[in-house]
Amino acid sequence: MRVGILGSGLMGGKLGTIFARAGHDVMFSYARSKEKLKKLAREAHGNARAGTPGEAAEESDVLLLAVHWSRFEDVLRQAGDLSDKIIVSCSLPMNADDTALVVAHISSGAEELARMVPKARVVSAFNTVPSEVLFGVFGARGSATRPSLVYCGDDRSGKRVAAELIRDVGFDPVDAGPLRIARYTEPFALLVAELAYEGKGGPHLAYRFERMVSSR
Ligand SMILES: NC(=O)c1ccc[n+]([C@@H]2O[C@H](COP(=O)([O-])OP(=O)(O)OC[C@H]3O[C@@H](n4cnc5c(N)ncnc54)[C@H](OP(=O)(O)O)[C@@H]3O)[C@@H](O)[C@H]2O)c1
């Protein structure tokens, strides 16, 4: 698949690199320097390029949205027309200092995104794992047991594509249902992040926690 990365930081940089190594055509976009995007593309050691959000949107079948909530409007404006595009969002609707969700209970960041781009096919995925574990999961993808990863969305073909990407990273995709289920997965993702970054065990503790929950 041709995968456009909107937001090439911790999540976008790592997932884009993994998608390229898994055989997809990747375009990294949206960072503060073009040099960083070019470096990511070079070091992905796969089929990867640097571009603008507009080029990523135009030249991709699926987009990974990996930006802070405060950057949504800007990156979507730069991406242009996203009608019919599959957008897999790992972004969480966090406040400015990343201490709380700004959308919760009666909506979710994923549903708000779907309202911002009503003709796009939005899937929420990858936000329940700390970026630190992604390369480890990819490295162990051939092992007998794969860790689970939940995703949700309303568009069937978008979800099929997301599930394929999830599998390519090395997870077993678990369909959690329609997009409104993000009202539950987003607070869960925040809990995992708190365990990862504030608990003693670090990202791997949070990751094992997700494995334990999803295997029940
Ligand atoms: N990190 C995690 O473990 C994790 C886990 C689950 C979910 N998430 C969610 O995933 C999303 C992305 O998180 P992240 O940790 O990947 O964030 P990040 O490392 O800060 O990446 C955000 C990207 O946006 C770019 N950006 C920010 N301001 C910009 C501007 N003014 N112009 C152009 N580009 C700009 C950054 O550019 P630079 O590269 O130049 O800084 C970076 O490439 C967030 O919604 C977060 O809540 C993160």
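What counts, and where the lines are drawn
Residues numbered from 1 in each chain as written. Predicted model: local features only at pLDDT ≥ 70, side-chain atom pairs only at ≥ 80, totals over all residues. Heavy atoms only, no water. Helix = DSSP H or I, 4+ residues; strand = E, 2+ residues; numbered from the N terminus. Rg over C-alpha atoms; globule rule 2.2 N^0.38 Å. Buried < 20%, exposed > 50% of the residue type's maximum accessible area, 1.4 Å probe, protein only. Contact = heavy atoms within 4.5 Å. Phe/Tyr/Trp six-rings, centres within 6.5 Å; stacked < 30°, edge-to-face > 60°. Lys NZ or Arg CZ within 6 Å of the ring centre and 35° of its normal. Right-handed = clockwise from strand over helix to strand, strands pointing away. Pairing = 2+ DSSP bridges. Salt bridge = Lys/Arg side-chain N within 4 Å of Asp/Glu carboxyl O. Core = buried A, V, L, I, M, F, W, Y, C linked by side-chain atoms within 4.5 Å. Near = heavy atom within 4 Å. Polar contact = N/O pair within 3.5 Å; in protein donor to acceptor, adjacent residues only side chain to side chain. Areas by Shrake-Rupley, 256 points an atom, 1.4 Å probe, with all protein chains shown as cover. Arc of directions from axis to C-beta.

Q: It is not clear to me how the overall build of the chain should be interpreted in this structure. Could you clarify?
A: Helices and strands together make up the secondary structure of the chain, namely 9 helices and 8 strands. Radius of gyration (C-alpha) of the chain: 16 Å, near the 17 Å computed for a compact globule of 216 residues. By residue count, 53% of the 216 residues in the chain fall in the buried class. Counting contacts in the chain only where the partners sit at least 6 residues apart, residues at least 24 apart contribute 68% of the total.

Q: Which parts of the structure should I look at to understand the packing of aromatic side chains?
A: Given two aromatic rings, their pairing is described by the distance between the two centres and the angle made by the two planes. Enumeration according to the criterion identifies 2 aromatic pairs in this entry. Geometrically, the ring pair formed by W69 and F72 is tilted, given 4.8 Å between the ring centres and 55 degrees between the ring planes. It is R141 that lies over the ring of F138; its NZ or CZ is 3.9 Å from the centre.

Q: Would you take a moment to explain the pairing of strand β6 (residues 121–125) for this structure?
A: A regular strand places its side chains on the two faces of the sheet in alternate fashion. Summarising burial for β6: 4 of the 5 residues are buried, a large majority. What joins strand β5 (residues 86–89) to β6 is helix α5 (residues 109–116), and the crossover it makes is right-handed. With 3 bridges joining them, β6 and strand β7 (residues 148–153) adopt antiparallel strand pairing. Of the residues in β7, the one forming a bridge with A125 is Y151.

Q: Is there a simple way to think about the pattern of salt bridges in this case?
A: Two side chains carrying opposite charge are able to pair once their charged atoms lie near each other. A full pass over the atoms with the stated rule returns 10 salt bridges. For the salt bridge of K39 with E43, the shortest nitrogen-to-oxygen distance reads 3.4 Å. Here K39 pairs with E43, and both are found in helix α2 (residues 34–43), just 4 residues apart, close to one helical turn. Residue classification places E43 among the partly exposed residues on the basis of a relative accessible area of 41%. Notably, a salt bridge pairs D155 with R121, separated by 3.6 Å at the nearest N-O pair. Taken together, the residues span a long stretch of sequence, with D155 in the loop between β7 and α7 (156–169) and R121 in strand β6 at a distance of 34 residues. One connected set of salt bridges, linked through shared partners, spans R71, D74 and R77.

Q: I would appreciate a short explanation of the nonpolar core in the present structure.
A: Ranked by size, the top nonpolar core spans 37 residues in total, and within it F19, F28, V88 and F126 carry the most contacts. Considering every element that reaches this core, the biggest residue donor is α7, with 6 residues. Contacts of F126, omitting those with residues within four sequence positions, involve M11, L15, F19, L64, V88, C90, L149, V150, L165, I166 and V169. By size, the runner-up hydrophobic cluster in this structure holds 25 residues, among which are W69, L76, I87 and A110.

Q: Which parts of the structure should I look at to understand α5?
A: Every buried residue of α5 is listed here: G109, A110, E111 and L113. Here the buried face of α5 lies against β4 (62–65), α4 (72–79), β5, β6 and α8 (182–198).

Q: Can you help me understand the site of the ligand in this one?
A: Around the ligand sit 20 residues, and of these M11, R32, K36, V67 and S131 come closest. With respect to the ligand, the backbone of S8 contributes an N or O atom lying 3.2 Å from an oxygen atom. Here an oxygen atom of the ligand and a backbone polar atom of Y30 are 3.4 Å apart. Coverage of the ligand by the protein chains reaches 78% of its 880 Å² of free accessible surface.

Q: Could you clarify how one ought to interpret the side chain of N95 in this entry?
A: Considering the arrangement of structural elements, one finds N95 in the loop between β5 and α5. Apart from residues lying up to four places away in sequence, N95 is in contact with H68, A100 and V102.

Q: Looking at this structure, how should I read α2?
A: Think of an α-helix as turning once every 3.6 residues; residues three or four places apart then point the same way. Within α2, the full set of buried residues consists of L37, L40 and A41. With its buried residues spanning 100 degrees around the axis, α2 presents them on a single face. Of the exposed residues in α2, the ones pointing more than 90 degrees away from its buried face are E35 and R42. On its buried face, α2 sits against α1 (10–21), β2 (25–29) and β3 (47–50).

Q: Got a minute to help me understand the pairing of β3 in this structure?
A: Relative to β3, β2 is paired through 4 bridges, and the arrangement is parallel. Its bridge partner lying in β3, D25 is registered against N47. The handedness of the β2 to β3 crossover, carried by α2, is right-handed.

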